[in-house]
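In case you want the letters, here they are:
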Amino acid sequence: GQSLEQPSEVTAVEGAIVQINCTYQTSGFYGLSWYQQHDGGAPTFLSYNALDGLEETGRFSSFLSRSDSYGYLLLQELQMKDSASYFCAVRDKGNTPLVFGKGTRLSVIA
Amino acid sequence: GAGVSQSPSNKVTEKGKDVELRCDPISGHTALYWYRQRLGQGLEFLIYFQGNSAPDKSGLPSDRFSAERTGESVSTLTIQRTQQEDSAVYLCASSKGLAGESEQFFGPGTRLTVL
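Values in this document were obtained by computation on a predicted structure and should not be read as measured data. (Residues numbered from 1 in each chain as written. Chains lettered and ligands numbered in written order. Predicted model: local features only at pLDDT ≥ 70, side-chain atom pairs only at ≥ 80, totals over all residues. Heavy atoms only, no water.)

Participant: I'm lost on the sheet that holds strand 7 (residues 75-79) of chain B in this one. Help?
Facilitator: Sheets are built from strands that pair by backbone hydrogen bonding, the pairs being arranged parallel or antiparallel. Residues and elements named next belong to chain B. Across the sheet, which stays open at both edges, the four strands sit in the order 1-3-7-6 with antiparallel pairing between neighbours. The open sheet has two edge strands, strand 1 (5-7) and strand 6 (65-69), and neither has a second partner. Going from strand to strand, the sheet's axes swing by 15 degrees on average, the running direction of each strand aside. When strand 1 meets strand 3 (residues 19-24), the two strands line up antiparallel, connected through three bridges. Its bridge partner being in strand 3, serine 7 is matched across the sheet by arginine 22. (Pairing = 2+ DSSP bridges. Helix = DSSP H or I, 4+ residues; strand = E, 2+ residues; numbered from the N terminus. Axes fitted to C-alpha atoms, helices over the stretch in contact; angles between N-to-C directions.)

See the structure below:
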């Protein structure tokens, strides 16, 4: 089976940088994804890493180390609207659905 | 359509009643997924459909839960003899395919409350 670990809550100051870590255990590996979910909303896709290294998309970056079964989401220049839950998700085979972590609730404070 | 749609948006039912939840995926998306999300919790995989292949039902919590999909279009999730523990938001998602496909598009969800 698969398991994912991420912190349950993180608080950061507006304008700062925050890193949300995710470690996973899977029988195989087919990529690590990150989703954002605002309260009462649907999850929306942020990023996907299939290979080691850093992927940057605007203020958000995602990193993967397959040898360490570890990844993180980096949010820069935090804004109040970034307050949301962030989920990492993995697919352990090409024909299986994503399995999600329990999510990290990010609170951005002034 | 422009995105994944789900109906109803809210459903309140009495314990023991059956409910049907509907999902309309994005046109052309061959893969469709159902997830359950309890308040403040993560997404719990229930079932997924991929084209004409047999669905992966490995996440269904009990035989009271079932789902169908007509071709590559609408899907319905049925919960029989509902229990209070079934109260949650039921999210549907679709994607273009699975192999190499990384992004799932989620619908707004159906909030189910069992009294």
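Participant: Just to check I follow, could you spell out the sheet that holds strand 3 (residues 18-25) of chain A for this structure?
Facilitator: Residue and element names in this part refer to chain A. Read across the sheet, five strands follow the order 1-3-8-7-6 without closing on themselves; strand pairing throughout is antiparallel. In the strand order of this sheet, the two ends are held by strand 1 (3-5) and strand 6 (53-57), each with one partner. Across the sheet, the mean angle separating the axes of adjacent strands is 20 degrees when strand polarity is ignored. As paired elements, strand 6 and strand 7 (residues 60-65) share five bridges and run antiparallel to each other. Residue pairing for strand 7: glutamate 56 is matched across the bridge by serine 61.

Participant: Sorry, what's going on with the environment of B:Ile47 here?
Facilitator: Residues and elements named next belong to chain B. Here isoleucine 47 is to be found in strand 5 (residues 44-50). Of the residues examined, isoleucine 47 reaches a relative accessible area of 0% and is grouped as buried. Note: C-alpha distance between isoleucine 47 and leucine 91 (44 residues apart in sequence) is 11 Å. In contact with isoleucine 47, not counting residues within four places along its chain, are Leu32, Tyr33, Trp34, Pro55, Asp56, Lys57, Leu60 and Ala67. (Buried < 20%, exposed > 50% of the residue type's maximum accessible area, 1.4 Å probe, protein only. Contact = heavy atoms within 4.5 Å.)

Participant: Explanation requested: the interface of chain B and chain A in the structure shown.
Facilitator: By a widespread convention, an interface's size corresponds to the accessible area lost as its parts come together. Across the contact, 20 residues belong to chain B and 18 residues belong to chain A. When chain B packs against chain A, close to 1500 Å² is buried across both sides, 58% of that on carbon and sulfur atoms. Our enumeration of links across chain B and chain A arrives at zero salt bridges. Put simply, chain B and chain A have three residue pairs in polar contact (both at pLDDT 80 or more) between them. At the level of elements, strand 4 (31-37) and strand 5 of chain B are the ones that each hand at least two residues to the side of chain B that touches chain A. Among the elements that make up the side of chain B that touches chain A, the one with the highest residue count is strand 4 of chain B (three residues). (Buried area = accessible area lost by both parts, 1.4 Å probe. Salt bridge = Lys/Arg side-chain N within 4 Å of Asp/Glu carboxyl O. Polar contact = N/O pair within 3.5 Å; in protein donor to acceptor, adjacent residues only side chain to side chain.)

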